[in-house]
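What follows is each chain in one-letter form.
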Amino acid sequence: MKNFVIAIDGPAGAGKSTVAKIIASKLGFLYVDTGAMYRALTLKAIKEHLPFANEQKLIEMARETEIELCQKDDKYGVILDKKIVTDEIRTEEVSKATHFIASILPIREILWKMQRGYRKKHNIVMEGRDIGSKVFPDAQLKVFLDAGVKERAKRRYLQLKEMGVEGNIKEIEKEIELRDRKDRQRSISPLIKLPDAIYIDTTDLTIPQVVDKILSLLPVENLPAKTEK
Ligand code: DC
């Protein structure tokens, strides 16, 4: 029997990472953040001064890149060509440029292969934009997490504040709307709500409420026993 996959898709700021990490930890599954992989390749392209218009060079770069997602207790890290880039991939510069990398099909194919590889050894909770549609169309549970744009902007604003950065909520909202449009309207693997995904609007829900809702959707009889990662 294939390992268990919980696919969590949705726009930025819907709460995917927070919820996916908690669920993975509760079930003893591996948590996989696919956005971090697109971000890592973007960071490398920026560092190597590769123009985003040169798809061929970007594809070659992706083929020669090693990305590792690591986890120790409740801490998650990203390693790019043996260097830790966990914080570096979260800058605004990387966030704004990732759509270039994300819209190149051969690059997505390279990352899909890596992403599918995790299922060989683990039960997983994987989050992204195309997990249910492209990476694991046969996932045992598909969830689409959403939230209103104002709420997502507020969450981002508070997150930045916690990091000591004073953001402008109106600008954050505009930025989120722009990124949404890019994710939903690109021709390759756009963010879509699939007919077989469970839609959850998290706007008025707390994190524990979202977690409980997803856990309640699991087919308990088919769940693997909790294992050590
Ligand atoms: O989830 P995130 O904000 O870290 O994702 C970063 C970018 O990568 C975002 O622009 C969408 C893109 N992405 C994607 O195209 N497909 C995925 N499976 C995950 C992320």
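Above this text is the structure in question.
Here's a quick rundown of the structure. All values reported here derive from a predicted model rather than from experimental measurement.

**Side note on the environment of D138**
With respect to the element layout, D138 can be found in the loop between α6 (131-135) and β7 (141-146). On the accessibility criterion, D138 (35% relative accessible area) is partly exposed. Residues D138 and F4, spaced 134 residues apart in sequence, show a C-alpha to C-alpha distance of 9.8 Å. A polar contact is formed between the side chain of D138 and the side chain of R119, at a distance of 3.1 Å.

**So, the site of the ligand**
Near the ligand you find 13 residues, and of these R39, R108, R129, D130 and R186 are the closest. Here a nitrogen atom of the ligand sits 3.0 Å away from a polar atom, N or O, in the side chain of T34. For the ligand, a nitrogen atom lies 2.9 Å from a polar atom in the side chain of R108. Elements that contribute at least two residues to the shell around the ligand include exactly α2 (34-47) and α4 (92-102). The leading source of residues in the shell around the ligand is α2, at four residues. Here the residues of the shell around the ligand are counted per class, giving two nonpolar, four polar and seven charged.

Rules and cut-offs
The numbering scheme is per chain: residues are counted from 1 as the chain's sequence reads. Selection of residues for local features in this predicted model requires a pLDDT of at least 70, selection of side-chain atom pairs for listing and counting requires 80 or more, and totals for whole chains, interfaces and linings are taken over all residues. Excluded from the side-chain calculations are hydrogens and water; all other atoms, namely the structure's heavy atoms, are used. Put simply, DSSP marks the helices as runs of H or I at least four residues long and the strands as runs of E at least two long, and each gets a number from the N terminus on. Burial status follows relative accessibility: with a 1.4 Å probe on protein chains alone, a residue under 20% of its type maximum counts as buried, one over 50% as exposed, and anything between as partly exposed. Contacts described as polar in this section are N or O atom pairs within 3.5 Å, which, within protein, must combine one atom able to donate a hydrogen with one able to accept it, while residues neighboring in sequence count only if both atoms come from side chains. In this text, near means that some heavy atom of the residue lies within 4 Å of the molecule or strand in question. Only Asp, Glu, Lys and Arg are considered charged in this grouping, and only Ala, Val, Leu, Ile, Met, Phe, Trp, Tyr, Cys and Pro are considered nonpolar; every other residue, Gly among them, is considered polar.

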